[in-house]
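Fold and contact review
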Amino acid sequence: MRNKKFNKIKMKKKQLEIKLQKLKGYQNPIPGLEQYLTPAALASAILNYINLDEGFKGKKVIDLGSGTGTLAIGAKLLGAEKVVGVEKDPDAIKIARENRNRLDLDIDYVNLDVREFNDESDLVIQNPPFGSQKKGNDRPFIEKSLSIAPIVYSIHKTESRNFIEKFITELDAEICVRKKTGFPIERTFNFHEEDVKKVNVDFYKFIRNQTKNRLKNE
Ligand SMILES: C[S@@+](CC[C@H](N)C(=O)[O-])C[C@H]1O[C@@H](n2cnc3c(N)ncnc32)[C@H](O)[C@@H]1O
């Protein structure tokens, strides 16, 4: 029985990965915005984790820094009720909308800096810039996500751990899940020296302290 359930989850994960793999990526990625795709296998693993954890069904989900749309599309395919992607680069927005239209999904992609976006949601999912090009590029994402949602799933470079721990405490939130994983970055920019470089990253679940206390008292 347990094996059957496990095989079903594995199959769903693989099917999602195949769909995400077919999406169109950046045409002219901008180094300053750290435009690299979340690889389909990793995106599918993360999205399936979230689906088994908080679940997407009936939720309003925001993808901050949605790029060409991968995480937002995955959330919608897994049953989120409303999905909004927020992205600063108009070219990436155009590709995300093409990807969405090809799959006939109802997702809003809005062309804004995350700092200017203010809609509340149930969940934020994000793969923000790691701050490799400009230190602190990930800060507005963390700040914004926790101001618009009680629960945030986010990916950050493992070497930023100290900063993340300190910053999350300052924002009156808590890290309730941290999983170390590898993030394969394909050669995207001319300063990349390898075809694929594996970067150590942490996948996090952040929760606002107010939310945690409310859940405790329920
Ligand atoms: C690492 S990529 C991730 C893209 C996509 N979410 C994915 O998982 O494939 C980060 C994205 O954030 C966008 N971005 C960077 N800074 C931003 C900002 N201040 N406001 C909105 N989008 C931003 C970049 O243009 C890029 O598309």
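Residues numbered from 1 in each chain as written. Predicted model: local features only at pLDDT ≥ 70, side-chain atom pairs only at ≥ 80, totals over all residues. Heavy atoms only, no water.

The name given to the protein chain in an unreviewed UniProt entry is Methyltransferase-like protein 5, with the source organism recorded as Methanohalarchaeum thermophilum. Of the protein chain, the UniProt comment under Sequence similarities (unreviewed entry) reads exactly: "Belongs to the methyltransferase superfamily. PrmA family." (UniProt positions renumbered as here; feature names shortened; annotations may be inferred.)

What to know about the site of the ligand
The local shell around the ligand holds 20 residues, among which Y26, Q35, T38, G65 and E87 are the closest. At 2.7 Å from an oxygen atom of the ligand is found a side-chain nitrogen or oxygen belonging to Y26. Q35 has a polar side-chain atom sitting 2.9 Å from an oxygen atom of the ligand. Protein contacts shield 98% of the accessible area of the ligand, which totals 600 Å² for the unbound molecule. Counted by class, the shell around the ligand contains nine nonpolar, six polar and five charged residues. (Near = heavy atom within 4 Å. Polar contact = N/O pair within 3.5 Å; in protein donor to acceptor, adjacent residues only side chain to side chain. Areas by Shrake-Rupley, 256 points an atom, 1.4 Å probe, with all protein chains shown as cover. Nonpolar A, V, L, I, M, F, W, Y, C, P; charged D, E, K, R; others polar.)

Some details on the sheet that holds strand 1 (residues 60-64)
Spatial strand order, 3-2-1-4-5-7-6: seven strands in an open sheet with mixed pairing. Edge positions in the open sheet fall to strand 3 (108-111) and strand 6 (173-186), since each of these has one partner strand only. The mean inter-strand angle of the sheet, taken between neighbouring strand axes irrespective of direction, is 20°. Here five bridges tie strand 1 to strand 2 (residues 82-87), and the two strands are oriented parallel to one another. (Pairing = 2+ DSSP bridges. Helix = DSSP H or I, 4+ residues; strand = E, 2+ residues; numbered from the N terminus. Axes fitted to C-alpha atoms, helices over the stretch in contact; angles between N-to-C directions.)

Some details on the packing of aromatic side chains
Here the structure, examined in full by the defined rule, presents seven aromatic pairs. When the ring of Y153 is compared with that of F203, the centres are 6.0 Å apart and the planes differ by 10°; the resulting orientation is stacked. In this pair, Y153 sits in strand 5 (residues 151-157) while F203 sits in strand 7 (residues 196-208), placing the two residues 50 residues apart along the sequence. Seen from their ring centres, Y204 and F206 are 5.2 Å apart, and the 35° between their planes marks the pair as tilted. Here the two residues Y204 and F206 agree in accessibility, since each one is buried. Taken together, the ring pairs in this structure connect Y36, F130 and F183 into an aromatic cluster. (Phe/Tyr/Trp six-rings, centres within 6.5 Å; stacked < 30°, edge-to-face > 60°. Buried < 20%, exposed > 50% of the residue type's maximum accessible area, 1.4 Å probe, protein only.)

Here's the deal with the side chain of S121
Turning to its location among the elements, S121 is positioned in the loop between strand 3 and strand 4 (123-126). A relative accessible area of 8% means that S121 is categorised as buried. Among the polar contacts made by the side chain of S121, one reaches the main-chain carbonyl oxygen of L123 at a distance of 3.2 Å. Those residues in contact with S121, other than ones at most four positions away along the chain, are K60, I62, I148, A149 and P150. (Contact = heavy atoms within 4.5 Å.)

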